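# Overview (structure and organization)
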Amino acid sequence: MALRNHRIFLFTWFIILVLSFYMAFLKKHKTSGAYVQRTENVNDQPEDSLQFGLLQKDFFDLEKTGGLLNESAIAEGAAFSGRMLCKLSGKNEFGVTYDKKFSVLNDFKHIRKVVYKTMLKSEGDLKDACIVLNITTAEGTSLDWQSQPLGTGTDNWESREATFTIRKQFLQPENVIKLYTWNKSKQQFSIDDIDISFYGMVEKKEKEEPVHDTVVKQTNFFFDFENESELSNTDMIVDGNAHSGKRAVKLDGHHSYSPALNRKFKEVSSGNLKSVSMSAWFNSTVDNPEIVLVASASNSEGKEYSWNGKDTKKFTFRKNTWYKLNADFLLPSEKNNPGNKITVYLWNKGGSALYMDDFEIVFHDGEIKNSVAPNVVIDPFKEYTYVPHRNKPPFYPAFLEKADIGNHDGIFLVDDNSGKEGELLPGDQFVTGNFLKDSKKSDELVRVNGHGAEMFGFCQADKKFKKIWSEKNAEEIKSWDESRSISGDFNRDGKDEIFRIGKNNHLQLLELSPEIKSGTCEALPANRGWNILWENKDVTFSGWTLDESDVYLPGNFTGDGTCTLCIIKPATGDWQLLQYSGKTWKVISSSLKGNKNRFPPAPTGSWISKGCFKEKDVLIIKTNRRGENELAYLEFNTVTGNFNTINFHDQTDSKLVSSGSKIFIGNFDNKHGNEMMIYDRTWRFDMKLAVWDIRGMTILNTLDFKGYPGDQNPKYYESLQLIPGHFISGSATDFLVVMRNQYDGDKNKNYLPNRVQLYSITPR
């Protein structure tokens with residue numbers, strides 16, 4: 001029995017020993033397999049040390065070639081930003097292509113998704129157009145092909161986006177990722193501003209950054225050279241000849257380099273410094289000086305590895321005139337580190353004497369987005385520098401300064417020894433134009449109300465307004481009062497005519513007779529006034545059924561210098577463009593004929609205005625899109641016969657216009673090009689000066705009044721009417737300002753006196 005128990009005991013221990021060896025073998029095999037798996041993913045980290053985030057971001061505005069394949073699809077045009085875009089058509093089936101090996105991407109083993117964003121614009125609906133992701137081997141064998149539809153296109157720039165998932169097995173160093181647009185049905189459309197972002201697992205921050213590393217860096221610098229702090233090479237700063245203030249920099253053949261700003265990257269960047277923008281004003285003693293804006297970067301040992309310069313060879317400059325030069329430069333981010341140094345300056349390469357002032361520099365951690373700089377001179381430049389926080393206050397102040405027009409700042413436009421005439425009232429109708437063909441090309445003012453019609457002009461010799469014409473006939477006064485009028489040189493005779501839209505859509509084209517060429521100091525002979533060149537009393541005009549809500553707008557829309565007439569139906573967006581030619585009007589183009597674009601519908605009561613853009617006028621329409629008041633800029637294409645939308649002003653950065661805004665177009669600063677004056681009294685006085693281009697509108701200044709007597713600032717009046725025109729000269733736009741208070745019968749209250757005054761941004 002004892003022997004049997006002993007055998008059972010030995011057998012049990014044998015079984016336990018065998019099982020132990022077997023379990024140890026399984027554990028060793030499983031551990032070995034786990035080790036092999038880790039060697040295949042040597043870059044992987046424990047999941048609790050990673051989080052999903054942005055790994056790399058690439059942006060292409062197509063202004064500079066490089067970084068993309070199929071660059072032949074890039075062409076100049078009305079781009080979303082800048083001047084270049086990617087055009088797809090029957091000839092260009094594929095757009096520009098992002099083509100990179102995974103090995104050159106940041107932490108490519110951790111990539112999980114890629115997001116492709118772009119701006120899209122087309123002239124019609126798109127079919128089968130798509131955004132494509134293609135992953136291939138180094139030899140070109142396709143491993144993964146995905147696509148997402150581009151969506152329905154519109155004639156306005158709109159954003160499109162596609163997100164693709166990247167599978168881990170394809171994340172090999174030599175594999176290639178391609179992203180592009182495919183125009184499968186070979187239609188016509190354009191894309192611009194391509195943004196490609198890679199997302200995946202990034203390392204978590206184990207602790208907060210030290211306080212001294214999170215201090216906000218100074219990225220914006222402005223030097224008016226009134227003092228010499230923060231600059232090197234300051235020996236050339238002199239008194240006088242300044243663009244602003246009292247001091248400027250003088251450069252010549254002996255001193256070619258301006259004062260320079262030197263900074264380490266870590267002093268102007270919170271991360272990886274990628275780009276720099278700059279601008280400088282200069283005034284040369286010779287025509288067409290050769291100057292260069294420069295940004296150079298060097299490593300911590302002082303060795304220069306990047307030099308960028310923008311010269312003035314493409315531009316034309318007049319001597320003794322202030323101009324502004326802008327420049328944007330990208331820096332090679334793969335070589336950047338916090339200890340590197342950047343130097344920014346102006347180089348007087350030609351050696352002729354010139355003055356430099358108001359030097360502005362902006363450093364960016366991100367890519368440069370084209371925009372318009374404050375105080376930018378639109379002509380002769382066609383490119384602009386980036387300024388952060390665009391359209392955000394505070395803005396530079398500017399002033400409308402009162403001019404003396406010899407009326408004692410009284411209630412009458414004319415108030416002198418000859419009498420008092422021209423009591424301009426807020427309810428009057430006004431139309432301005434160069435009706436007299438005087439040598440200064442200044443405007444006259446036609447005022448109409450139920451009591452009469454009169455015309456006034458500014459006499460340069462006497463520095464006063466004079467009455468030139470008045471209507472005495474009761475029926476004719478009624479006809480003027482029941483009409484609305486616009487002006488323009490429709491028959492190309494060198495002076496403006498009046499296009500009058502009367503009761504029951506009675507249309508007339510009127511010219512002043514006899515023609516006065518000697519200026520505005522003499523009145524028309526008795527019983528002379530306006531001759532009818534053309535009129536239409538029918539309910540239709542050029543195949544157009546007339547309506548009281550139709551808008552009539554003159555402008556040089558074709559770009560050939562001819563004043564054409566655009567008639568618009570705001571409710572539907574239909575339009576006709578007409579040209580006057582000897583007793584008749586010729587239809588140049590119409591939305592009613594052919595495949596033409598309609599205008600964005602404008603709500604009832606919206607205004608439609610025009611403004612100068614490049615060599616032609618464009619339409620600026622205040623419309624209601626996405627429930628907000630927005631501005632649309634439309635340019636006529638003489639080849640297609642279409643009005644194409646250049647841009648919708650994006651209201652996300654600031655609310656520049658509201659339902660109560662009034663916008664005036666003119667050369668208010670007496671420089672090159674036109675500006676916008678935005679006036680709003682919805683709840684308080686607000687007036688701004690702005691410029692615009694295909695990217696939208698940018699505020700230059702907030703405006704106030706200056707030179708008024710006592711404390712009688714026009715903005716304090718209850719009723720304020722602004723009448724723009726070239727009253728003093730034919731170059732700059734002035735404002736006749738009609739100021740009234742709403743008298744409530746209380747004689748014990750002190751009211752500001754009613755006045756009529758003339759204001760200009762630049763007093764002349």
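Parameters and conventions
Residues numbered from 1 in each chain as written. Predicted model: local features only at pLDDT ≥ 70, side-chain atom pairs only at ≥ 80, totals over all residues. Heavy atoms only, no water. Helix = DSSP H or I, 4+ residues; strand = E, 2+ residues; numbered from the N terminus. Contact = heavy atoms within 4.5 Å. Areas by Shrake-Rupley, 256 points an atom, 1.4 Å probe, with all protein chains shown as cover. Pairing = 2+ DSSP bridges. Axes fitted to C-alpha atoms, helices over the stretch in contact; angles between N-to-C directions. Polar contact = N/O pair within 3.5 Å; in protein donor to acceptor, adjacent residues only side chain to side chain. Phe/Tyr/Trp six-rings, centres within 6.5 Å; stacked < 30°, edge-to-face > 60°. Buried < 20%, exposed > 50% of the residue type's maximum accessible area, 1.4 Å probe, protein only. Lys, Arg positive; Asp, Glu negative; His and termini not counted. Salt bridge = Lys/Arg side-chain N within 4 Å of Asp/Glu carboxyl O. pLDDT = per-residue confidence, 0-100.

The next thing to look at is the overall build of the protein. When helices and strands are counted, the protein shows three helices and 48 strands. Intrachain contacts of the protein at a sequence separation of at least 6 include 63% that bridge at least 24 residues. With the model as given, the accessible surface of the protein reaches about 37,300 Å², and the carbon-plus-sulfur share is 50%.

Moving on, we come to the sheet that holds strand β28 (residues 484-488). Reading across the sheet, the four strands line up as β28-β29-β30-β31 and stay open at both edges, with antiparallel pairing between neighbours. Of all strands in the sheet, those bounded by a partner on one side alone are β28 and β31 (530-536). On average, each strand axis in the sheet is inclined to that of its neighbour by 25°, with strand direction left out of account. Where strand β30 (residues 507-512) and β31 come together, six bridges link them in antiparallel fashion. The residue of β31 that forms the bridge with Leu-512 is Trp-530. Across the sheet, helix α3 (residues 474-481) is in contact with β28, β29 (497-501), β30 and β31; its angle to β29 comes to roughly 80°.

Here we come to the side chain of Asp-443. You can see Asp-443 is positioned in the loop between β24 (429-433) and β25 (444-449). Of note is the side chain of Asp-443, whose polar atom sits 3.3 Å from the backbone nitrogen of Asn-434. If we ignore the near neighbours within four places in the chain, the residues touching Asp-443 are Thr-432, Gly-433, Asn-434, Gly-725, His-726 and Phe-727.

Looking at where Phe-465 falls in the secondary structure, it is placed in strand β27 (residues 464-471). Those residues in contact with Phe-465 that lie beyond four places of it in its chain are Ile-405, Leu-413, Val-414, Phe-456, Gly-457, Phe-458, Phe-727 and Leu-736.

With that out of the way, let us pick up the sheet that holds strand β16 (residues 292-298). Taken in spatial order, the four strands line up as β14-β19-β16-β17 in an open sheet, and their pairing is antiparallel. Lying at the two open borders of the sheet, with one neighbouring strand each, are β14 (261-264) and β17 (304-311). Adjacent strand axes in the sheet meet at a mean angle of 15° when their direction is disregarded. Relative to β17, β16 runs antiparallel, the two being bridged by seven bridges. Its bridge partner being in β17, Leu-293 is matched across the sheet by Lys-310.

Another point: the packing of aromatic side chains. As enumerated under the stated definition, the model contains 38 aromatic pairs in all. Seen from their ring centres, Trp-469 and Trp-480 are 5.6 Å apart, and the 55° between their planes marks the pair as tilted. Pair noted here: Trp-469 is in strand β27 and Trp-480 is in helix α3, with a separation of eleven residues, a long-range link. You can call Trp-480 buried: its relative accessible area is 2%.

Before going further, it helps to spend a moment on the side chain of Asp-416. Counting through the fold element by element, Asp-416 comes out in strand β22 (residues 414-416). Buried and unpaired, Asp-416 has Lys-464 as its nearest opposite-charge partner, separated by 4.0 Å. A polar atom in the side chain of Asp-416 sits 2.4 Å from the side chain of Ser-418.

With that settled, the discussion passes to the pattern of salt bridges. Throughout the structure, instances matching the rule amount to 22 salt bridges. Taking the shortest distance from any N to any O, the salt bridge between Asp-195 and Lys-57 comes out at 2.9 Å. A residue pair is termed long-range when its members are at least 10 positions apart, and Asp-195 in strand β10 (residues 189-203) and Lys-57 in strand β1 (residues 50-60) qualify at 138 residues. On the basis of relative accessibility, which here comes to 12%, the residue Asp-195 falls in the buried class.

Attention shifts here to the confidence of the model for the protein. Per-residue pLDDT for the protein averages 79, and the proportion of residues at 70 or more is 80%. Predicted confidence for residues 369-388 stays below pLDDT 50, and this span has 77 contacts to residues more than four positions away or in other chains.

Before going further, it helps to spend a moment on the environment of Asn-106. Following the sequence through the fold, Asn-106 ends up in the loop between β4 (98-101) and β5 (111-122). Here the alpha-carbon distance between Asn-106 and Leu-55, two residues 51 residues apart in the chain, equals 6.2 Å. Discounting chain neighbours no more than four positions away, the residues touching Asn-106 are Leu-55 and Gln-56.

Before going further, it helps to examine the environment of Asp-547. Examined against the element boundaries, Asp-547 turns out to sit in the loop between β33 (544-545) and β34 (551-555). For the pair Asp-547 and Asn-505, spaced 42 residues apart in the sequence, the C-alpha separation amounts to 7.0 Å. When neighbours within four sequence positions are excluded, Asp-547 is seen to be in contact with Asn-505 and Lys-569. Side-chain polar atoms of Asp-547 contact the side chain of Ser-549, separated by 2.7 Å.

Phi at Asp-128 is positive, roughly 70°, even though this residue is not glycine. A residue is classified by how much of its surface remains accessible, and Asp-128, at 42% relative accessible area, is partly exposed. Positioned with a positive phi, Asp-409 is a non-glycine residue whose angle comes to about 55°.

In terms of burial, β30 is largely enclosed, as six of its six residues are buried. Neither face of β30 is left uncovered, since the one carrying Leu-507, Leu-509 and Glu-511 and the one carrying Gln-508, Leu-510 and Leu-512 both have all their residues buried. Of the pairings in the sheet, the one linking β29 to β30 comprises four bridges and is antiparallel in character. Bridged to Ile-501 within β30 is Leu-507. The hairpin formed by β29 and β30 contains five residues between the paired strands, and Asn-504 there has a positive phi angle of roughly 60°.

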